[in-house]
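The lines below spell out each chain.
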Amino acid sequence: NQWLKMITMDAIERTNDSAELIVISPAERTNIDNILNTFKLIPNYKKCLLIIPRITAVVQQSFFIHEFKQVQYVPKNPAKEIYTKEFHYDFFPVDEDYFLLPCYHSFYQINVENDYNDIYASARALTKIQTVFGEIPYIVTIGQNAINTKTLMEGLLKKSGSLSTQYPLIDSIFLFDRSCDMVTPLTSQMILDEYIGVNFGICETEADECKMFIFSEKTNIVSEVRGHLLNEVIQPLTDLNKEIKKVKDPENLKQIRSLQREEFKKYCFHLKELSGVEPILCQLLYLANTYLGQKMQAPLSRSLLNYEYVLLSEGQSITQVAESFIQLFNDWKTALRLIILQLIVNHKEVNTQVFNQSLIDEFGDKARKLISTFENLDLLKADQKPNQQWKTFRDLLCLTTPKDKNDNDELLNMCDKLIPLMVRILQFITSNDQQILSKLHDSGLPITITGQLPPPVPEKPRKILIFFIGGLTISEVNFIRKLGKKISNGKFQFVVGSTDQINMNNFMDQLCPGMFSH
């Protein structure tokens, strides 16, 4: 859906009987409705709709509402019949250690719409991985949706006949339910990709000279700065820019000519690499100066970060800050994001009745769907469950820590003082500290561990698959990578997957359906 471009087809001329149109889509209500509405504009086309991963009750309902008929033969009446078939496209790789499922707004579908098609898609994809690489013997689940995925996956494994080996290629699988941690996608993004809006290597800007930048991981400078914290990005770019300018200096050219043959040859190869990097470096510097330099120096941006940190680390109220965003800037999206964080961290600080009435006064009927969504997610209920759960996570897992404590915690420094819940759990469980594991169980954290770890293979890292049901942020992907490379000293190799990729904006669109869409 993120790449879907709606094209007006009313100007297309009527065609002969051979004209055909094939569309592939996830089984998600918004997508299917958009497609069927478009199909009405081209009644003379023979239409084929391939549904990922299966035809659900939601799809059938959309067909009924739009008065189309699903058929398994070449449509005889193109205006009313659509050839419809299931298309089992289970997952696609984004990077060598990162893959996604073709799901859209999976958090909302699962937790609000109670549409569990994406859980089935997750179980199916994880089963297919194990039919290729062997059955994974050690399974950790965090959250009810993770348990449901595991149960369905085990049922599919029995039917598939996957092999159980003494030395499986993947040792462990961690299934994580996004609803256990709604805080991470709602906090201000500290990773370059998310902050400037790089999505699958593409960044769209408002610059007149270039509306779109395309980056490849094969370029060293791109792979180096992506995944860095914002305050670590500009320096390596600036240093490389200085080096390129130095190469063009006449004095430097004289020094190069005086080098020994082998050194001269190495330096020539280095110069060749620098010449290829310069155009991309200019683009990265533009983005860094525009987005990081301007926005991070803005008092409002820095204040937001401070308010979020105070709320998450100390539980203090920031509802007045949210109200200020409404009164001063009419910025309801930022205000609602802060209020949702407040509801998760310190529920009692929000007056539910006043909050609901303010939404209805401002947005009318649109607000009713948002209020219903909050109720389904237990954010507006009278009990203090979300508040107590976050307090437990914060105290036990040290997700945030005041600056004067735990300065030696590598993970806190790596994540800029705010550690995603899954990253901290991963660190604790892979440490195999029985005392910590006992505390995790006693905390009430919805976590289960089944199976046994296989014996380690000498001089080879343990391979662990981490899968998020309901979406993950690119920050979590990068922090998990760093956990494997730096903190665990290469003892673990992580592969990360998810139903879909989320960030602050599209996660807010799921929590506040229809409120901010254009």
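Refer to the preceding data block for the structure.
I will try to describe carefully the structure that is included in this document.

A word on the packing of helix 1 (residues 29-39) against helix 2 (residues 57-65). Between helix 1 and helix 2, whose axes approach to 10 Å, the crossing angle comes to 30 degrees. Classified by the interaxial angle, the pair formed by helix 1 and helix 2 is roughly parallel. Considering how the two elements wind past one another, helix 1 and helix 2 form a crossing that is right-handed. On the side of helix 1, the interface is formed by Arg29, Ile32, Asp33 and Leu36, while helix 2 contributes Val58, Val59, Gln61, Ser62 and Phe63.

Here the focus is the sheet that holds strand 12 (residues 447-451). On the basis of which strands lie adjacent, the open sheet formed by 7 strands has the order 5-6-14-13-8-7-12 and mixed pairing. Each edge of the open sheet carries a strand with a single partner, namely strand 5 (92-95) and strand 12. Along the sheet, successive strands turn relative to each other by an average axial angle of 20 degrees, direction set aside. Relative to strand 12, strand 7 (residues 138-142) runs antiparallel, the two being bridged by 5 bridges. In the strand pairing of strand 12, threonine 141 is matched with threonine 448. Against the sheet, helix 18 (residues 421-430) makes contact with strand 7, strand 8 (172-177), strand 12, strand 13 (462-469) and strand 14 (492-498), and its axis sits at roughly 150 degrees relative to strand 8, the strand it touches most.

Time to look at the environment of leucine 511. The residue leucine 511 is located in helix 21 (residues 504-511) in this model. Its relative accessible area of 0% is what places leucine 511 among the buried residues. Considered as a pair, leucine 511 and leucine 377 are 134 residues apart in the sequence and their alpha carbons are 9.1 Å apart. If near-sequence neighbours (up to four positions away) are discounted, leucine 511 is found in contact with Phe107, Met182, Leu186, Ile340, Leu370, Thr373, Phe374 and Leu377.

This part is about the packing of aromatic side chains. Two descriptors summarise a pair of aromatic rings, namely the distance from one centre to the other and the angle between the planes of the rings. Enumeration over the complete set of coordinates arrives at 10 aromatic pairs. With 5.4 Å between their ring centres and 55 degrees between their planes, phenylalanine 91 and phenylalanine 99 make a pair best called tilted. Consider the rings of tryptophan 332 and phenylalanine 363, whose centres lie 5.2 Å apart with planes at 80 degrees: the pair is edge-to-face. Taken together, the positions of tryptophan 332 in helix 13 (residues 332-345) and phenylalanine 363 in helix 14 (residues 352-363) put the pair 31 residues apart, joining distant regions of the chain. A relative accessible area of 10% places tryptophan 332 in the buried class.

What follows concerns the pattern of salt bridges. One pass over the structure, following the stated rule, counts 12 salt bridges. Glutamate 476 serves as the salt-bridge partner of arginine 178, at 2.9 Å between the closest nitrogen and oxygen. With arginine 178 in the loop between strand 8 and helix 6 (192-196) and glutamate 476 in helix 20 (residues 474-487), this residue pair connects regions lying 298 residues apart in the sequence. Overall, the relative accessible area of 0% leaves arginine 178 in the buried class. The partner of lysine 333 in a salt bridge is aspartate 509, with the nearest N and O atoms 3.7 Å apart. Taken as a pair, lysine 333 in helix 13 and aspartate 509 in helix 21 lie far apart in primary sequence, 176 residues in all. In this structure lysine 333 comes out as partly exposed when scored by relative accessible area, which is 24%. Residue aspartate 509 is classed as partly exposed on the basis of its relative accessible area, which comes to 26%. Put simply, Asp90, Arg124 and Lys128 are held in one network by salt bridges that share partners.

This part takes up the pairing of strand 2 (residues 46-52). The buried fraction of strand 2 amounts to 6 of the 7 residues, a majority that puts the element mostly inside the structure. Tracing the backbone out of strand 1 (residues 20-26), into helix 1 and back to the parallel element strand 2 gives a crossover that is right-handed. Two elements, strand 2 and strand 4 (residues 81-86), share 4 bridges in a ladder whose sense is parallel. The residue of strand 4 that forms the bridge with cysteine 48 is tyrosine 83.

Moving on: helix 14. Between the first and last C-alpha of helix 14 there are 16 Å, a value that for 12 residues agrees with the 16 Å anticipated at 1.5 Å per step. Considered for burial, the residues of helix 14 that qualify are Phe355, Asn356 and Leu359. Looking straight down helix 14, one finds that the buried residues subtend no more than 95 degrees of arc, so they occupy a single side. Set apart from the buried face of helix 14 by more than 90 degrees, the exposed residues are Gln353 and Asp361. For helix 14, the secondary structure elements touched by its buried residues are helix 13 and helix 15 (366-376). Between the side-chain oxygen at the start of helix 14 and the backbone nitrogen of glutamine 353 there is a gap of 3.2 Å, and the oxygen is on asparagine 351. With its phi angle positive at about 65 degrees, glycine 364 sits one or two positions after the end of helix 14.

Let's shift gears to the nonpolar core. Counting 81 residues, the largest nonpolar core has Leu336, Ile340, Leu359, Ile429, Ile466, Leu511 and Cys512 as the members making the most contacts within it. Sorting elements by how many residues they give to this core places helix 13 first, with 10 residues. Setting aside residues no more than four positions away along its own chain, isoleucine 340 makes contact with Leu186, Phe374, Leu379, Met508, Leu511 and Cys512.

With respect to topology, 4 strands assemble into an open sheet ordered 1-2-4-3, the strand pairing being parallel. Since the sheet does not close on itself, it has two edges, and those belong to strand 1 and strand 3 (69-71), each with one partner. Averaged over all neighbouring strand pairs, the angle between strand axes comes to 35 degrees, with direction disregarded. Sitting on the sheet, helix 1 touches strand 1, strand 2 and strand 4, and the angle it makes with strand 1 is about 165 degrees. Sheet contacts for helix 2: strand 2, strand 3 and strand 4; angle to strand 3, the most-contacted strand, approximately 120 degrees.

Turning to the pairing of strand 5, a few remarks are in order. As a general feature of sheets, a regular strand has side chains that alternate between the two faces. Here strand 5 runs beside strand 6 (residues 98-100); their pairing, made up of 3 bridges, is antiparallel. When the bridges of strand 6 are listed, proline 93 appears paired with phenylalanine 99.

This brings us to the packing of helix 12 (residues 319-329) against helix 13. Packed helices, taken two at a time, are described by the angle their axes make and the gap between the axes. Taken N-terminus to C-terminus, the directions of helix 12 and helix 13 make an angle of 165 degrees; their axes are 8 Å apart at the nearest point. As judged from the angle between their axes, helix 12 and helix 13 are roughly antiparallel. Note that helix 12 runs across helix 13; the crossing there is left-handed. Here Thr319, Val321, Ala322, Phe325 and Ile326 of helix 12 come into contact with helix 13, specifically with Trp332, Thr334, Ala335, Leu338, Ile339 and Gln342. By residue class, the composition of the contact of helix 12 with helix 13 is 8 nonpolar, 3 polar and no charged.

Criteria and cut-off values
- Residues numbered from 1 in each chain as written.
- Predicted model: local features only at pLDDT ≥ 70, side-chain atom pairs only at ≥ 80, totals over all residues.
- Heavy atoms only, no water.
- Axes fitted to C-alpha atoms, helices over the stretch in contact; angles between N-to-C directions.
- Helix = DSSP H or I, 4+ residues; strand = E, 2+ residues; numbered from the N terminus.
- Parallel < 35°, antiparallel > 145°, perpendicular 65-115°, else oblique.
- Left-handed = near helix turned anticlockwise from the far one by under 90°.
- Contact = heavy atoms within 4.5 Å.
- Pairing = 2+ DSSP bridges.
- Buried < 20%, exposed > 50% of the residue type's maximum accessible area, 1.4 Å probe, protein only.
- Phe/Tyr/Trp six-rings, centres within 6.5 Å; stacked < 30°, edge-to-face > 60°.
- Salt bridge = Lys/Arg side-chain N within 4 Å of Asp/Glu carboxyl O.
- Right-handed = clockwise from strand over helix to strand, strands pointing away.
- Expected span 1.5 Å × (residues − 1).
- Arc of directions from axis to C-beta.
- Polar contact = N/O pair within 3.5 Å; in protein donor to acceptor, adjacent residues only side chain to side chain.
- Core = buried A, V, L, I, M, F, W, Y, C linked by side-chain atoms within 4.5 Å.
- Nonpolar A, V, L, I, M, F, W, Y, C, P; charged D, E, K, R; others polar.

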